[in-house]
Amino acid sequence: MHIEVLTPRYASSWPEKIVVREIPVHRPATAPRSEWSIGRYLKHLTSWLQRHAQSFDALLVDAIREESSAVTEVGKQLGIPVVLRCGGWGATSDPSWWKTSRAAKRSCNIAKSADAIVADSGIHQRELIAEGFVRDRVHRINKGFPNFPARTARTRQLAREVLGSVNSDLITSDETPVLLCSSPMTRSGGINLLVNAAPHLIKRYPDLRFWFIGDGPYRDWIYENLRGHGMRASIAMPGTFSDFTELCQAADLFFQPDDEGLDYFLPTAISAELPLVCLRTSSTKSLLCGTPSRQETTANSSDPNRTLKTSELIQWIDSSTAKQTRLAVSRVIDDLESARHRAAELRRNLLRSRPQADSIQSYMNLLGRLVQEREANPPSTETVL
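Residue numbers restart at each chain and count upward from 1, following the sequence in its written direction. Where local features are concerned, this predicted model is filtered to residues with pLDDT of at least 70; where side-chain atom pairs are given and counted, the filter is 80 or more; whole-chain, interface and lining totals use all residues. To get the side-chain values, take all heavy atoms of the structure and skip hydrogens and water.

At least two DSSP bridges between two strands are required for those strands to pair. Going along the chain from the N terminus, every DSSP run of H or I of four or more residues is numbered as a helix, and every run of E of two or more is numbered as a strand. The six strands lie next to each other as β11-β10-β9-β12-β13-β14, forming an open sheet whose pairing is parallel. Two strands in the sheet have a free side with no partner beyond their single neighbour: β11 (235-239) and β14 (315-317). Ignoring which end each strand starts from, the neighbouring axes of this sheet average 20 degrees apart. Two elements, strand β10 (residues 209-213) and β11, share three bridges in a ladder whose sense is parallel. If you follow I213 over to β11, its bridge partner there is G239. In what follows, a contact means two residues having at least one pair of non-hydrogen atoms within 4.5 Å. Axes here mean lines fitted to C-alpha atoms, for a helix over just the part in contact, with angles spanning 0 to 180 degrees between N-to-C directions. Its contacts with the sheet put helix α7 (residues 191-204) on β9 (178-182), β10 and β12 (253-256), and the angle it makes with β10 is roughly 165 degrees.

And the structure:
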């Protein structure tokens, strides 16, 4: 497949077109900065699609929000199949957003006329059907897990050396345990669980390091709060990274405090064999445990060495308190070698039952079938925007 990406332009200095790893990226419309500018943004987006979408065989939208309405309507006008993906998790999911305003509800209603809707979890699938989407148009494509090289002491050491050369705050010795957390730095964000537990953890593990990855309006407050507890040497807040893989290779455990980052950060940490400390929510349980597929059930029953269920390979936090967070992190650090064995088994189970290659193939099959249904003689190579 030939793929091209259409996305907003978030600064006037950005070029309208770039190429990333041989994939053309179009950014013709300036991103809306408020609700008042959304109408102008969608008008510009629709105009670009009407001029250029005819050269594509299918249109795929990564969320069912304002853009999906514009793409769905243009797709119907031009006779191009449109596939929408129900995105987000928990309070930030598309179904939750549909309840926030009339305009959001309108986006939901327009989406029902799309050729196909992709749900990547049982939660989304049930919510779509309950919302009135045609059952036959809702397709379940599970979130796949990428296959990274196996974790070794050498890869960990090399990753730390590279990161330390990039940012001096990330310099650590080989013996220093590193806790990695990537979460929006907001007032009500789950990252505050770790912020409140960190001083107690440092008292118990003086050499422990915390790497807070990301940005947000409360970034300075979090930094000053931790520095006030005398933790300046124990924390690093290097901002946002475009590639999360090396951070996972360098760390010793990953902290998942909420439903943010479940599409990328948590799967990347699992594929890097990082032990998990994870807040137990319906979204995290759906992503990590879910309902076993036939392939997963067969694989599990035929593996004589498998003794633990997926949920037992994760250190869960059952309540959103600093105490429960501290206890969960302590259980992992106190027996880090055992936690690494569980992380390796979790990675092995999920790569076997839900490999990313299968998810990609499912998208290709869905798009190819929709194109064939539209054209009596489909082209040999489909293009996707």
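It helps to recall that an α-helix has 3.6 residues per turn; residues three or four apart then point in one direction. For every residue, the accessible area obtained with a 1.4 Å probe (protein chains only) is divided by the maximum for its type, and the residue is called buried under 20%, exposed over 50%, and partly exposed between those limits. Within helix α5 (residues 122-130), the full set of buried residues consists of G122, I123, H124 and L128. On its buried face, α5 sits against β6 (82-86), β7 (116-119), β8 (138-140) and α11 (282-288). Of the residues trailing α5, G132 is marked for its positive phi of about 105 degrees.

Here we come to the pattern of salt bridges. What makes a salt bridge here is a side-chain nitrogen of Lys or Arg within 4 Å of a carboxyl oxygen of Asp or Glu, nothing more. Evaluation of the coordinates by the stated rule reveals 20 salt bridges. Across the pair E73 and R106 runs a salt bridge whose closest N-O atoms are separated by 3.7 Å. A residue pair is termed long-range when its members are at least 10 positions apart, and E73 in helix α2 (residues 66-78) and R106 in helix α4 (residues 102-111) qualify at 33 residues. One salt-bridge network, in which partners are shared between bridges, spans R156, R160, D252, E337 and R340.

Taking strand neighbours across the sheet as the criterion, the four strands line up as β5-β6-β7-β8 in an open arrangement whose pairing is parallel. Looking at strand neighbours, the two that pair on one side only are β5 (59-61) and β8, the edges of this open sheet. Averaged over all neighbouring strand pairs, the angle between strand axes comes to 25 degrees, with direction disregarded. Sheet analysis places β5 next to β6, joined by three bridges and oriented parallel. In the sheet register, V61 faces β6, and the bridge partner there is L84.

Counting buried residues in β6 gives five out of five residues, a clear majority hidden from the surface. Of the two faces of β6, the one holding V82, L84 and C86 and the one holding V83 and R85 are both buried throughout. Every crossover in which the path from the first strand over the helix to the second runs clockwise, viewed with the strands pointing away from the viewer, is termed right-handed. Viewed along the sheet, the connection from β5 through α2 into β6 turns out right-handed.

With that settled, the discussion passes to the nonpolar core. In these notes, a set of buried Ala, Val, Leu, Ile, Met, Phe, Trp, Tyr and Cys residues joined through side-chain atoms within 4.5 Å is what counts as a nonpolar core. L180, W211, F254, L266, I270, L276 and L288 are the most contacted members of the largest nonpolar core, which totals 33 residues. Put simply, the parts of the chain that give this core at least two residues each are α6 (153-166), β9, β10, α9 (245-250), α10 (265-271), β13 (276-279), α11 and α14 (336-353). By size, the runner-up hydrophobic cluster in this structure holds 31 residues, among which are I222, V277, A328 and V332.

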